[in-house]
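Tertiary structure, described
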Amino acid sequence: QNPQAFTGISRLRPRMASCKEFTAHTGYDVLLQRLLEGRKMCKDVEDLIKQRAQAEERYGKELVQIARKAGGHTEINTLKASFEVLKQQIESVGNSHIQLATMLRDELKGLEEFRERQKEQRKKYENTMDKIHKNKISLYKKTMESKKTYEQKCKEADEAELAFERISTMGNQKQTEKSQTKAKQCKEAANEAERVYKQNIELLDAARISWEQEHISTCEAFQLQECDRITILRNSLWVHCNQLSTQCVKDDEVYEEVRRSLENCDVGLDMEYFIQSKTTGTEPPAAIGYENYYDRLTPTQNCGSPIPSCGMMKRFSGLLHGNNRNAPDSIIPTAPPAGQVDGVYAAIRTDKEEEADLPREYRVLYDYTGQNEDELDIRAGDVVLVTDVGEDGWWTAEQNGQQGFVPGSYLEKV
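Note that this is a predicted model, so its numbers are computed, not measured.

Conventions adopted
Residues numbered from 1 in each chain as written. Predicted model: local features only at pLDDT ≥ 70, side-chain atom pairs only at ≥ 80, totals over all residues. Heavy atoms only, no water. Pairing = 2+ DSSP bridges. Helix = DSSP H or I, 4+ residues; strand = E, 2+ residues; numbered from the N terminus. Axes fitted to C-alpha atoms, helices over the stretch in contact; angles between N-to-C directions. Phe/Tyr/Trp six-rings, centres within 6.5 Å; stacked < 30°, edge-to-face > 60°. Buried < 20%, exposed > 50% of the residue type's maximum accessible area, 1.4 Å probe, protein only.

**A short note on the sheet that holds strand β5 (residues 411-413)**
Read from one edge of the open sheet, five strands run β4-β3-β2-β1-β5, paired in antiparallel fashion. The sheet terminates laterally at β4 (402-407) and β5, the two strands that pair on one side only. Within the sheet, the average angular offset between the axes of one strand and its neighbour, ignoring direction, is 45 degrees. Judged from the three bridges that link them, strand β1 (residues 360-364) and β5 form a sheet pairing that is antiparallel. Residue pairing in the sheet places tyrosine 362 in a bridge with lysine 413 of β5.

Given below as structure tokens:
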């Protein structure tokens, strides 16, 4: 993670232009091939980062989806809180991986731009070198042709000179003059070919010098490109590793939040919370004892009957009327306490007689605390409005805007 470590490359890099192995005609092609291979390496690094960015994005989106689809709604108290923290942190990790994918794509974009800049620079030098190289090849071919022509003209001039000497010894004046003229022409042609040949040699040498100078300049430019490419790629890979390491640290910090939340998860507190929120009572329902019907009757008036039944109030319980409301034993209306006798009792009533004049107001004789949500709490002396009489001994009554079931044996008409 120290950028200073990359500055030493300028001191260690070799000078390609000074290597004799690269000053020949094929040296340029070798260097050019190296740059093309370096370009291929840039594409390979780009593909690696691109695929890693795609993988990070897929992973992040899957984590976000997992976190949002996770249940846990039935859990309570501290464990539920810890599970919610876990879901939040998993979604946070997913979002951070999506952000990492964006950062990797930004790095990828920089590499692509660098590769294209190098391509443009290489093309500029490559075009110049191709132009000079073609000119040198053309001059070389022209020089070789002029050399061949020069050698041919020299041979013809030598042959014409020998022919002239041979004919001149024969004493034929006309043939001698003709041979002399031909020898002179061949000599002039040889001289002209020699001049052209020398001129092409000079042009070729000038082209060679220009090519060598441009070759050296191109090699230096290619050297800088290669050094820049290696530096950029190494920096890019270094940054890539730093980004991945940073992401790992972030993930660990996020999961540490989950661990701290789990430390606050207390089994005892969760159990106590469940008991307090779902409790159904602290004591089991009491047993129903036997009560003699006649022991509870008190005479109020004499009807001339030996059995004191006229004018008596008969107190009913849920057991006498039956209870088919599927309620637990603890909510069956029982008879009033044995000591709670006020001396005045209501006559025995039937359901049909009561239904005939509903709704009607009734006075509460005894206290009753509702055991279910659909039952009313009533107190002795209260006045309620009865709207329906049930065959099971439970009547529907209204009081203070609330409606619910009450035991009918606890009421009397007003």
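So that's the structure; there's more coming.
**Structural notes on the packing of aromatic side chains**
Inspection of the entire model under this criterion finds five aromatic pairs. A ring pair is formed by tyrosine 362 and tryptophan 395, whose centres lie 5.5 Å apart and whose planes are at 75 degrees; its orientation type is edge-to-face. Of the two residues, tyrosine 362 is situated in strand β1 and tryptophan 395 in strand β3 (residues 394-399); the sequence distance between them amounts to 33 residues. Neither residue differs from the other here; tyrosine 362 and tryptophan 395 are each classed as buried. Between tyrosine 366 and tyrosine 410 the ring centres are 5.5 Å apart and the planes differ by 85 degrees, which places this aromatic pair in the edge-to-face class.

**Quick word on the pairing of β3**
When you tally the buried positions in β3, you get five out of six residues, the bulk of the element. Two elements, strand β2 (residues 383-389) and β3, share four bridges in a ladder whose sense is antiparallel. Residue pairing for β3: valine 386 is matched across the bridge by alanine 397. Counting the residues in the hairpin turn of β2 and β3 gives four residues, including glycine 393, whose phi is positive at 95 degrees. What sits between β3 and β4 in their antiparallel hairpin is a turn of two residues, with asparagine 400 showing a positive phi close to 55 degrees.

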